[in-house]
Amino acid sequence: MRILSWNLNGVRTIPQYHPWNTFKTWNAVLKELQADIMCFQEMKTSRAAIGCDFALPDSFDSFFSFPASKGGYSGVAVYTDTRTVTPLKAEEGLSGRLQPKPPLRPEERISISYPAAHQLELVPDADEQTPHDLLSLDLEGRALVLDFGLFVLINLYCPNEGSEARFPYKMNYHLMLQERVRGLIAEGRDVVVVGDLNVCAAPIDHCDGHLPSNLSTFWNYPARVWLRDWLTPQGPLTDVLRMFWPDRKGMYTCWNTKISARETNYGTRIDYVLATRGLLPWIKAGDIQPSVKGSDHCPIFVDFHDEITTDAGEKLVLRDLMHMREDAAKREPPRLAAKHWPEFQGKQTLMSNFFTKRGAETKSPPATITQSVLVTAFDALDTQLPPPLAVDPPLSEASQPSSQTDTELSSSQPLVSPSSSQTCLKQPRTSHEPHKRPRGNTSTTGASKAKRLKAGQSKLSSFFSMPDTAARPKPPQQSASSLEIIDLCEDSEEVSVEASSMPTITSDIRLPPDTLSTTSSQCRENENGTTTTSTTAARPAPSWSALFTPIPAPLCTVHREPAKEWRVNKPGPNKGKTFYLCARPVGPGYDKGRNERRREEVDHQYKCDFFKWASDVNERCALVLRPAEHDERGTEECVHLVVASFSHLCLYRYSL
C-alpha cells in the first residue's frame, strides 16, 4: 500500500502540465499517481466550484475540507482507492467542532476527547488576545482526519508565516495539532501525519542552511524549534523520509517557481510524512518525486509492507488490520465523503437545471463553423427573401408538424448553411404525394430584388473568404513629379511612396542630409518618363525599420549578459512598471544584496544583484545627436541615436 502527499497549489493547474494534460478525466490522473491513499493540499477551490469530475472520480472515494469564507484559498482533500482501501471514519478539522449536517453521532467520531483552548498555552496576538475557541483555527480548511483501523491519518496544510500578524495563528495551529496527536496516542492509536507543514525541520532541509550566516540564526524561528522538539528523539513522531535518507542533501520538496529556483534545486523541504513508533515496522520505503511536475511542490510517498512478523513470531497481514477484506469495496464510505453530498444524490436542484430544456435526452455535438458556412450565411444577408404569401393552401393532417418535432429540430440539428436549413425547416410532406407550395410572381416585386452594391462597396462575406489575387485591381499609374524615391537599403527593391502620405515628425531631430537627400545621380528618368532608382549610391541609407527597433536589454554588472525584463504586478504606485534583473537562475549563495548576503558567501555562478528600471534604460539611450557630430559618426550610428531620441520624445509626450 502507498500513501502519497502533494501540495497541488490549485487543483485546476494540474492539467496545464505534462503528462497530466494528456488525460481527459481527473480519475485518470489519480490512477497515474499509483497510490492507494492520496492526500492533497492547497486545492484552492470551493464546494460549489469543485465539479463532479473532481468530486466523484469513478474509482475513488473523496473527502474535502474547504475554507469557510475565502473561496479559492487553502483546502485539503483525500482520495482513497475503492478497490483496495476504504476508511472507517472521517472528520473535518482538528478541533472536533466542524460537523456535517446532521452532526456526527458518537460512534461516528474518531476520538473520545478533543483539544480545548483552556488546555493550551496559546500565543497572543498584537492586542494581547488569545482565541477562546479553537473553532476559529479550523475555519480555513486545513485538516482532514481519517481512521483506517491500523492508524489514524491526518492530512495537513499548516499556515505560512507570511507576516508578523499571522505568526500567532501559525503557532496556535501547531499547538492544536500537537494536542490532537497527543490525545490520539493517549487513546492507544498510531498516527500518520502527512502534508505541508510550512517549516524546515533542520538546516539540511534548507537551500541556504549550510551558509554560516544562516546556520547561526536557523533556530531563531519558533516554528522550527517546535517541529524539532516534536520529532524524535525528543518527541513522539518520526520523520519517515529522513529515516531512510539521513544524510541526503538537496532533498527539497518546494521551490520558488517565480525565480526559476527549481532549475538549480534551490528549495526547501517542508512536506513530511510523520509516524508514531508503532507504525515503523510496517513502513517499507519512502522518498520524494522531484521529476513530477504540476506545482511548485513535488509529491512525497511511503510504502507499507503487505505483512510483517512480530518478535513473538506472529504474522500480521495489512489488509486484515486495515479492514481491507473482499467486502471492503462494497462498504459505504463515511458520511463525510463527497458521494453523500445532496447535490450529487439528485436530492438538490442545481442552478444550471433552470437553464436547460426539459425532455432533451441527448445533446448533439457542437457544430463546426467552417469558412464556407460563414460565406454562405453572409451572402444570404445581402439578398432579401420574398415576402410571405397572403394565403397558404391548407395542409393535410398528416403533414402538420408537432411541437415535439419543432423542439427536436431546434435543439438537435447541427449548424448548416441557409440553403439547407430552409429545406430542414419546411413543413413535412407525406410519402405518397409531396406537397408543393405555390410560388408567386416575384419578378415584379420591388422588395424581392437583390440589393445592388454601390461603387466601392464590398459584400460582408468577402471578409470571410480568401482574397482573389487575380482579380485584385492594379494601382493607378502616378506621375513622376508626385513621387519621392527613397533608397532603403543596398539590396532592397524599388519602392514608390507618395510624399503626401509619409508621416511627419514635428521635432528638432533630423537625419543627416546625405541620408535622405535624393540627388539627380540617384533618381533618373528613363526614356518612358518613369522614375528609377540608381544602384550606385555612394553610401547606402539604413532601413526605416530601425526607427521601430526595440531598445536592447542592458547588461548585468557582474556577468555582462543581457538582463531579463520583469513587470510589477503587486498593487501599489509601481504596478505596471517594468524593470530588469540578472537573467541567471538563483542558487545556493546567489547575490541577494549587501544587506541580505555576506560578500564572502556570494557564489557568482548564480544570479547577481543587478536591478534597473526600464525607464532609466530608455532615458540613458535617448541621447539627442548634435548636428556637429554628423560628420564624425557613421550613418548607422546616427540612425540608432535618432531612434533612441524619437522613442524618448514619444515617452515624454505620453507622460504629459
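See the structure printed just above.
Residues numbered from 1 in each chain as written. Predicted model: local features only at pLDDT ≥ 70, side-chain atom pairs only at ≥ 80, totals over all residues. Heavy atoms only, no water.

Thoughts on the layout of surface pockets
Okay, so step 1: Of the volumes computed, that of the largest pocket is approximately 1,500 Å³.
Okay, so step 2: Every residue lining the largest pocket is counted, 45 residues in all, and those nearest its centre are Asn-160, His-206, Cys-254, Asn-256 and Thr-268.
Okay, so step 3: Residue classes in the lining of the largest pocket are distributed as 16 nonpolar, 15 polar and 14 charged. (1 Å grid on protein atoms, 1.4 Å probe; cavity = no way out; pocket = protein on both sides within 12 Å on 5 of 7 lines; lining within 4 Å. Points joined across faces, edges and corners; volume = space filled by probe spheres on them. Nonpolar A, V, L, I, M, F, W, Y, C, P; charged D, E, K, R; others polar.)

A look at the nonpolar core
Okay, so step 1: In terms of nonpolar packing, the biggest core is built from 45 residues, with Ile-37, Phe-151, Phe-304 and Met-322 touching the most fellow members.
Okay, so step 2: Among the elements that line this core, the one with the most residues is strand E14 (residues 300-304), at 3 residues.
Okay, so step 3: Here Ile-37 is in contact with Met-1, Arg-2, Ile-3, Leu-4, Val-78, Tyr-79, Thr-80, Val-85, Phe-148 and Leu-153, once residues within four sequence places are set aside.
Okay, so step 4: Leu-134, Val-145, Leu-175 and Trp-230 belong to the second largest nonpolar core, which has 34 residues in total. (Core = buried A, V, L, I, M, F, W, Y, C linked by side-chain atoms within 4.5 Å. Buried < 20%, exposed > 50% of the residue type's maximum accessible area, 1.4 Å probe, protein only. Helix = DSSP H or I, 4+ residues; strand = E, 2+ residues; numbered from the N terminus. Contact = heavy atoms within 4.5 Å.)

Let's talk about the side chain of Asp-239
Okay, so step 1: Inspection of the secondary structure puts Asp-239 in strand E9 (residues 237-239).
Okay, so step 2: For Asp-239, a relative accessible area of 9% puts it in the buried group.
Okay, so step 3: For Asp-239, the residues in contact, after removing those within four places along its chain, are Leu-231, Arg-269, Tyr-272, Val-273 and Leu-274.

Side note on the sheet that holds strand E5 (residues 89-92)
Okay, so step 1: Reading across from one edge, E5-E6-E7-E8-E12-E9 is the order of the 6 strands in this open sheet, with mixed pairing throughout. Looking at strand neighbours, the two that pair on one side only are E5 and E9, the edges of this open sheet. The sheet shows a mean angle of 20° between the axes of neighbouring strands, direction not considered.
Okay, so step 2: Note: strand E7 (residues 152-157) against strand E8 (residues 191-196), 6 bridges, orientation parallel. By the bridge assignment, Leu-153 is partnered in E8 with Val-192.
Okay, so step 3: Packing of helix H3 (residues 167-186) onto the sheet brings it into contact with E5, strand E6 (143-147), E7, E8, E9 and strand E12 (271-276), and relative to E7 it is tilted by some 175°. (Pairing = 2+ DSSP bridges. Axes fitted to C-alpha atoms, helices over the stretch in contact; angles between N-to-C directions.)

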